[in-house]
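Observations on the model geometry
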Amino acid sequence: MADTPPHRPTEPPEVIYVDDRRVACDGGGALGHPRVFLTIGDRESVECGYCDRMFVLRPGAGTGTGHH
């Protein structure tokens, strides 16, 4: 019988707190993914479909457009 590693629960996605409803995600680092732009809707958060990062709007934020 082959040795199997102990079961490890899946790590939760990274949570990033932001001040604007429009955010960009590239997965971070050299092994990331194509840059995508995400819009935080009514739930005050959005999840990246590539890397599962969760972007959460800080309380009182969200009036900006994401463009400076």
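Here's what I pulled together on the structure shown here. (Residues numbered from 1 in each chain as written. Predicted model: local features only at pLDDT ≥ 70, side-chain atom pairs only at ≥ 80, totals over all residues. Heavy atoms only, no water.)

Let us now look at the nonpolar core. Judged by nonpolar contacts, Val18, Val23, Cys25, Val36, Leu38, Ile40, Val46, Cys48, Phe55 and Leu57 together constitute the single largest core of ten residues. Counting residues per element, the ones that place at least two in this core are β2 (22-25), β3 (36-39) and β5 (54-57). Those residues within four positions of Phe55 in sequence are excluded, and the remaining contacts are Ile16, Val18, Val23, Ala24, Cys25, Leu38, Ile40, Glu44, Ser45 and Val46. (Core = buried A, V, L, I, M, F, W, Y, C linked by side-chain atoms within 4.5 Å. Buried < 20%, exposed > 50% of the residue type's maximum accessible area, 1.4 Å probe, protein only. Helix = DSSP H or I, 4+ residues; strand = E, 2+ residues; numbered from the N terminus. Contact = heavy atoms within 4.5 Å.)

With that settled, the discussion passes to the environment of Met54. Inspection of the secondary structure assignment puts Met54 in strand β5. For the pair Met54 and Pro13, spaced 41 residues apart in sequence, the C-alpha to C-alpha distance is 6.6 Å. If we skip the residues at most four places from it in the chain, Met54 touches Glu14, Val15, Ile16, Ser45, Val46 and Glu47.

Note that side chains of opposite charge can pair when their charged atoms are close. By the definition in use, this model includes three salt bridges. Residue Arg53 is joined to Glu14 by a salt bridge in which the shortest nitrogen-to-oxygen separation is 2.9 Å. Highlighted residues: Arg53 in the loop between β4 (45-47) and β5 and Glu14 in the segment before β1 (15-18), separated in sequence by 39 residues. Residue Arg53 is classed as buried on the basis of its relative accessible area, which comes to 16%. Note on Glu14: relative accessible area 44%, which makes it partly exposed. The salt bridge partner of Glu44 is Arg21, with a shortest N-O separation of 3.3 Å. (Salt bridge = Lys/Arg side-chain N within 4 Å of Asp/Glu carboxyl O.)

So, about unusual backbone geometry. A positive phi angle, close to 70 degrees, is found at Glu44, a residue other than glycine. Within the element layout of this structure, Glu44 appears in the loop between β3 and β4. We classify Glu44 as partly exposed; its relative accessible area is 32%. Phi angles above zero are rare outside glycine, and Asp52 is one such case at about 70 degrees. With respect to the helices and strands, Asp52 occurs in the loop between β4 and β5.

In spatial order, the strands read β1-β5-β4; together these three strands make up an open sheet with mixed pairing. Of all strands in the sheet, those bounded by a partner on one side alone are β1 and β4. Neighbour-to-neighbour, the strand axes of this sheet turn through a mean angle of 20 degrees, independent of strand direction. As paired elements, β4 and β5 share three bridges and run antiparallel to each other. From the neighbouring strand, Val46 faces β5, where its bridge partner is Phe55. (Pairing = 2+ DSSP bridges. Axes fitted to C-alpha atoms, helices over the stretch in contact; angles between N-to-C directions.)

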